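A closer look at the structure
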Amino acid sequence: MLRSTTRILRAVIAAIRPRGSGFDQPIDDHVLVETQRFLRYFPWTLRVGLPLGLYLIEVGPPLFARRWRRFTRMPPPEAAAYLAGFQHAGGLRSALLMGLRALVFLAFYQHPDVLASLGVDWAARADVLVRRRAELMYERGA
Amino acid sequence: MNAAPDALVPPEHRVAYPNVTVGETLDGNRDFAADAIVVGTGAGGATAAARLRDAGLDVLMLEEGGLHRTETFVTDPATMIHRLYRDAGTTMIFGRPPIIFAEGKCVGGSTVINGGMSWRAPERVLEHWARDLGIPDAGVRAMEPYFAEAERILHVEPNDEDTYGRNTHLFLAGAERLGWPVARAPRDMRRCMGLNNCALGCPTGAKQAMHVTEVPRALAAGAALVTHARIDRVLFRGRRAVGVRGRFVTDDGRRLGRFRAHAPLVVLAAGARCTPGILKRSRLRARMIGRGLHTHPNAKVVGLFDAPIDPWIGTHQAFHVHHFLEQGVLIGYAAVPPGLLAVALPGVGAENARWMRQYNHMLTAAALIEDRGEGRVVLGPDRQPYMLFDLSREDLETVHRGVALTAELLFAAGARRVLLPFADLPELAGPDELRRIAERPRVADTIELMTVHIMGTTRMATDGSRGAVDPSGAVFDTDGLVVADASVLPSSIGVNPQETIVAMALRNADRWIDRRAARR
C-alpha cells in the first residue's frame, strides 16, 4: 500500500475504531497492520478499489459534507461524524464504509487485550477442549 | 482405564495425506493424466472422488486452495479467514440488497467452514423434483439409500447435552414458551465439544469435514491431489471433454505456472459460483448455465439479555425451529466472534463500543429464507464469475416474516432488546414493537443479508431448455463432463444443503460408473 493511502487508512482507523466503554486500548498500529494483511487476499477488484475508495474519503469532505478541508486534516470528532454520514448514503459510499468497518472491527475486537476486556478467551478454551476430546476419543478406542 | 499419554491428540490431528502435490511449489508448466479429474474437494467433489476411486478409477483431485491440517487450526478469525475463505470472505452477490457470500477455498471446501448441519432435503422438495420436474429417482424413496450413505460418510449425530451453553437453553426456552416445536440438529461430527469455532475450522477435529473424511480416504486408496490448482477451462475434442487446463496459484491468488490435466471423465465440483464460471469460460453456450441461482439468505437478529449468556461457550445450532419451513423460514442461532458480530451491530466509534460492551449478553439468532426468486451467474470482463440476485417481492415478505418470528422467539426467551438486520429499523425495545416489522415499508436495499448456501446454477432437468445438466449431472450436449456440487440442485431446498449435496453426488457417481462400464 502506498504511503499516501496508508496515511488515509490510519486516519480512518482513528475515526471509526471503538472508543469508550472500556475499549480505549492503544492498538491502532496493530489494527493498521492487520487491515493491510487482509488486502493481499482480496480479489483484484477490491485490491484496486479500496485504495481508490480511500482517496474518495480523503477528498470527499467538500462534496459530501460541505467541509473545506481534507479528511486527514479533520479533528477526530469531525472525521468520525463525516464517516458516519457514509452509513446511510447508500451505494458505493455505504459499501465502502461497511467494508472498512468490517476490517477495522475484526482487527480491533479480536486483539488479545480487547478479548480479555470482554472476558472472552476462545483460544484457551480451544486448548482445553482439544485435549479433552483427545482423551475421550482415546477412551473410546478411536 | 490408564491415564492418557501426554502427547495424546485427537485422531483427526494424525490424518495421513499421501499422494498430495502442493501446486504453489511447482515451477514451470505441468501435465497430468488420470481416468477421472475432480475439480474441487468440498462436499460434492470429495464424495465423488472417493466413490470413483472405490470403483477402480485412477482419480486426480484438483483444488484451488491449500491443504490445511486440523492441528494447524486456531481461533483467530483473521488468520483462519485468510487461510480457508475465498477472497478472504469478501465475495458479494450483487443486487437488491447486496448479499455477503462466504465459501471455503481449501481442501475440504465449505465443509471445513460450515456449521456441520446435516439435514436431508425436505420430503416435499424431493417429491417436487420427482413429480413436478420429472427427475427420475430423485423422490424420497429413491434417495433414501443415498442419504443413509451420506450420513454414514458424514458421521451424523446430534450434540451431547454437556455441550449446550446458555444460548441453547435460552433458544429452547423461547421456542417452548411460544409452543413452537424444535428439531434437534443432526451434525457431521464425532463427539463435538461445543467449542463453537465451526466457521473457522474445528481445531478439536470433531467436525467431520471432507478434509478429514473422504479426501484422505480417497488418497489412501490411491487417488492423487494437486492443491493450489485453479481451473481456467475444460478442454474438448469435439463435444467430448478430454481434460482441463489452469494455473497454479499461491494462497493469496498470485498466478504461477500453467498445467493441463487429461482424463476421459471431468467432474466439476467447484461450487455454485465457480462451476458455471468454468463452464462459461469453456465456451459452452447453453442458455441455462449460470441461471437458477438460489441464495438461501439468512437475516441476523440479535437478542440482548440482562443476565450474561457467554455466547461463545457451548455449541451452536444444537437445535433449529423447522416449524415454519412450509412458509420458507428456518430459525437457528450461532456463536459469532466479537470481531465479526461487531460488523452486524450499529454505528462506529463510541456507538459501536457501547453495543459491544454487552457482547456476553447477546444471543445471535438468524432466519434462513427459502428463496423463490432466481438470480444468475455471469462472467465479468475479467472472465471471473459474478452473481446477480434480487429478492423477489415474495422473498422480501418472507424475510420480514422470518425476522419477526426470530425476534418474537428472542423476546419470549427474555430478551429486553432485539437488534434487527434493517438499517432503517435497527432495534426493537420490546415485544410490543414487533408490529413495526410488519409496518416497515418493503424496501430491500437497507436489509443486511448473508449466505453460505448458494445452489442451482447448473441445475438438473430432463431437457436443456430447463436445466444445464441431465438427471445424472451430465452437462447437456457434451460427453464426459459432469457436475457434482450444489449447482445441480433443481430448486432451493430450504435447509442446509451439505447432506443433500453428498447424497446427490453419490447418486450421480453411480450413474457415471454404470455408464462407463456399459461403454466397455
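As the structure is a prediction and not an experimental result, all values here were calculated from the model. (Residues numbered from 1 in each chain as written. Chains lettered and ligands numbered in written order. Predicted model: local features only at pLDDT ≥ 70, side-chain atom pairs only at ≥ 80, totals over all residues.)

What to know about the overall build of chain A
Counting secondary structure elements, chain A contains 8 helices and 0 strands. Of the regular secondary structure in chain A, the N- to C-terminal order runs α-α-α-α-α-α-α-α. Since a compact globule built from 142 residues should have a radius of gyration of about 14 Å, the 19 Å found for chain A marks it as more spread out than a globular shape. Oriented by its inertia axes, the alpha-carbon framework of chain A measures out at about 70 × 35 × 30 Å. (Helix = DSSP H or I, 4+ residues; strand = E, 2+ residues; numbered from the N terminus. Rg over C-alpha atoms; globule rule 2.2 N^0.38 Å.)

Structural notes on the overall build of chain B
Helix and strand content of chain B: 12 helices and 25 strands. For 520 residues, the compact-globule formula gives about 24 Å, and the C-alpha radius of gyration of chain B, at 22 Å, lands near that figure. Considering only C-alpha atoms, chain B reaches an extent of 70 × 60 × 45 Å along its principal axes. With 520 residues in all, chain B has 58% of them scored as buried. Partitioning the contacts of chain B with sequence separation of at least 6, the portion at a separation of at least 24 is 74%. (Buried ≥ 20, exposed ≤ 12 C-beta atoms within 10 Å, placed from the backbone. Contact = placed C-beta atoms within 7 Å.)

Notes on the nonpolar core
Residue and element names in this part refer to chain B. Counting 213 residues, the largest nonpolar core has Ile37, Val59, Val267 and Val301 as its most contacted members. The residue makeup of this core includes at least three contributed by each of domain 1 (24–76 + 105–120 + 149–155 + 203–289 + 456–519) and domain 2 (161–189 + 298–370 + 392–446). Residue contacts for valine 301: discarding those within four places in its chain leaves Ala365, Ala366, Ala367, Val403, Thr406, Ala407, Leu410, Val418, Leu420 and Pro421. (Core = buried A, V, L, I, M, F, W, Y, C linked by C-beta atoms within 7 Å. Domains from an automatic or database assignment.)

Quick look at the interface of chain A and chain B
Listed as interface residues are 46 residues of chain A and, on the opposing side, 41 residues of chain B. Only α2 (28–39), α5 (76–84), α6 (91–109), α7 (112–118) and α8 (122–140) of chain A provide two or more residues apiece to the side of chain A that touches chain B. Class assignment of the residues belonging to the side of chain A that touches chain B gives a composition of 29 nonpolar, 7 polar and 10 charged. (Nonpolar A, V, L, I, M, F, W, Y, C, P; charged D, E, K, R; others polar.)

Some points on the environment of Leu170(B)
All names here are of chain B. Relative to the assigned elements, leucine 170 resides in helix α5 (residues 166–178). Under the C-beta neighbour-count criterion, leucine 170 is labelled buried, with 24 such atoms within 10 Å. Separated by 239 residues in the primary sequence, leucine 170 and leucine 409 place their C-alpha atoms 9.4 Å from one another. The residues contacting leucine 170, other than those within four sequence positions of it, are Ile309, Leu363, Ala413 and Gly414.

Some details on the sheet that holds strand β3 (residues 36–39) of chain B
Residue and element names in this part refer to chain B. On the basis of which strands lie adjacent, the open sheet formed by 6 strands has the order β1-β10-β4-β3-β14-β25 and parallel pairing. At either end of the open sheet lies a strand with only one pairing partner, and these are β1 (20–22) and β25 (481–483). The average undirected angle you get between the axes of adjacent strands in this sheet is 20°. Examined bridge by bridge, β3 and strand β14 (residues 265–268) share 4 bridges and lie parallel to one another. When the sheet's bridge partners are listed, alanine 36 is paired in β14 with leucine 265. (Pairing = 2+ DSSP bridges. Axes fitted to C-alpha atoms, helices over the stretch in contact; angles between N-to-C directions.)

Considering the domain arrangement of chain B
Residue and element names in this part refer to chain B. Each assigned domain of chain B is listed with its residue range as follows: domain 1 (24–76 + 105–120 + 149–155 + 203–289 + 456–519) and domain 2 (161–189 + 298–370 + 392–446). With centres defined by C-alpha atoms, the gap from domain 1 to domain 2 works out at 34 Å. In this complex, domain 1 contributes 13 residues to the contact, which on the side of domain 2 involves 11 residues. Residues of the side of domain 1 that touches domain 2, tallied by class, amount to 5 nonpolar, 7 polar and 1 charged.

Overview of the environment of Phe248(B)
All names here are of chain B. On the secondary structure map, phenylalanine 248 appears in strand β12 (residues 240–249). Given 26 C-beta atoms within 10 Å, phenylalanine 248 falls into the buried group. When the C-alpha atoms of phenylalanine 248 and aspartate 58 are compared, they prove to be 22 Å apart, with 190 residues separating the residues in sequence. Apart from residues lying up to four places away in sequence, phenylalanine 248 is in contact with Gly23, Glu24, Leu26, His228, Ala229, Leu256, Gly257 and Phe259.

A closer look at the pairing of strand β22 (residues 417–422) of chain B
Residue and element names in this part refer to chain B. Looking at chain direction, strand β16 (residues 298–304) and β22 are connected through 3 bridges and run antiparallel. Looking across to β22, one finds that leucine 304 is bridged to arginine 417. Judged from the 3 bridges that link them, β22 and strand β23 (residues 425–428) form a sheet pairing that is antiparallel. Residue pairing across strands places valine 418 opposite leucine 428, the latter belonging to β23. Taken together, β22 and the strand that follows it, β23, pair antiparallel across an intervening segment of 2 residues.

Describing helix α2 (residues 77–84) of chain B
Of all 8 residues in α2(B), 6 are buried, a share of seventy percent or more. When we look at burial in α2(B), the residues that qualify are Pro77(B), Ala78(B), Met80(B), Ile81(B), Arg83(B) and Leu84(B). Taken together, the buried residues of α2(B) touch α2 and α6 of chain A together with α8 (338–344) of chain B.

Side note on the sheet that holds β12(B)
All names here are of chain B. Strand order in the open sheet formed by 4 strands is β2-β13-β12-β11, and the pairing between neighbours is mixed. Edge strands, defined here as strands with exactly one partner in the open sheet, are β2 (30–33) and β11 (229–237). Averaged over neighbouring strand pairs, the angle between their axes works out to 25° when direction is ignored.

Observations regarding α5(A)
When α5(A) is considered as a whole, its buried residues turn out to be Ala79(A), Ala80(A) and Leu83(A). For α5(A), the angular spread of buried residues about the axis comes to 100°, placing them on one side. Where α5(A) is buried, its residues contact α1 (3–16) and α6 of chain A together with α9 (349–356) of chain B. (Arc of directions from axis to C-beta.)

Notes on the packing of α2(A) against α6(A)
All names here are of chain A. Running from amino to carboxyl end, α2 crosses α6 at an angle of 125°, the nearest separation of the two axes being 9 Å. Overall, the two elements α2 and α6 adopt an arrangement that is oblique. Both α2 and α6 take part in a crossing whose hand is right-handed. Of α6, the residues touching α2 (which contributes His30, Val31, Glu34, Thr35 and Phe38) are Leu103, Val104, Ala107 and Phe108. (Parallel < 35°, antiparallel > 145°, perpendicular 65-115°, else oblique. Left-handed = near helix turned anticlockwise from the far one by under 90°.)

Examining the packing of α1(A) against helix α3 (residues 44–59) of chain A
Residues and elements named next belong to chain A. Taken N-terminus to C-terminus, the directions of α1 and α3 make an angle of 65°; their axes are 9 Å apart at the nearest point. Here α1 is positioned roughly perpendicular relative to α3, judged by the angle of their axes. For α1 against α3, the interelement crossing comes out left-handed. Only Pro51, Leu54, Ile57 and Glu58 of α3 make contact with α1, whose side of the interface consists of Thr5, Ile8, Leu9 and Val12. Considered class by class, the residues forming the contact of α1 with α3 number 6 nonpolar, 1 polar and 1 charged.

Overview of unusual backbone geometry
Most peptide bonds adopt trans geometry, and most residues besides glycine take a negative phi value. All names here are of chain B. Residues arginine 96 and proline 97 are joined by a peptide bond in cis, for which omega reads -5°. As for its placement among the helices and strands, proline 97 is situated in the loop between β5 (92–94) and β6 (99–101). Even without glycine at this site, arginine 283 takes up a positive phi of about 65°. With respect to the helices and strands, arginine 283 occurs in the loop between α7 (271–281) and β15 (291–293).

Points about the environment of Pro181(B)
Tracing the sequence through the fold places Pro181(B) in the loop between α5 and β8 (183–184). In this structure, the C-alpha to C-alpha distance between Pro181(B) and His155(B), residues 26 residues apart in sequence, is 25 Å.

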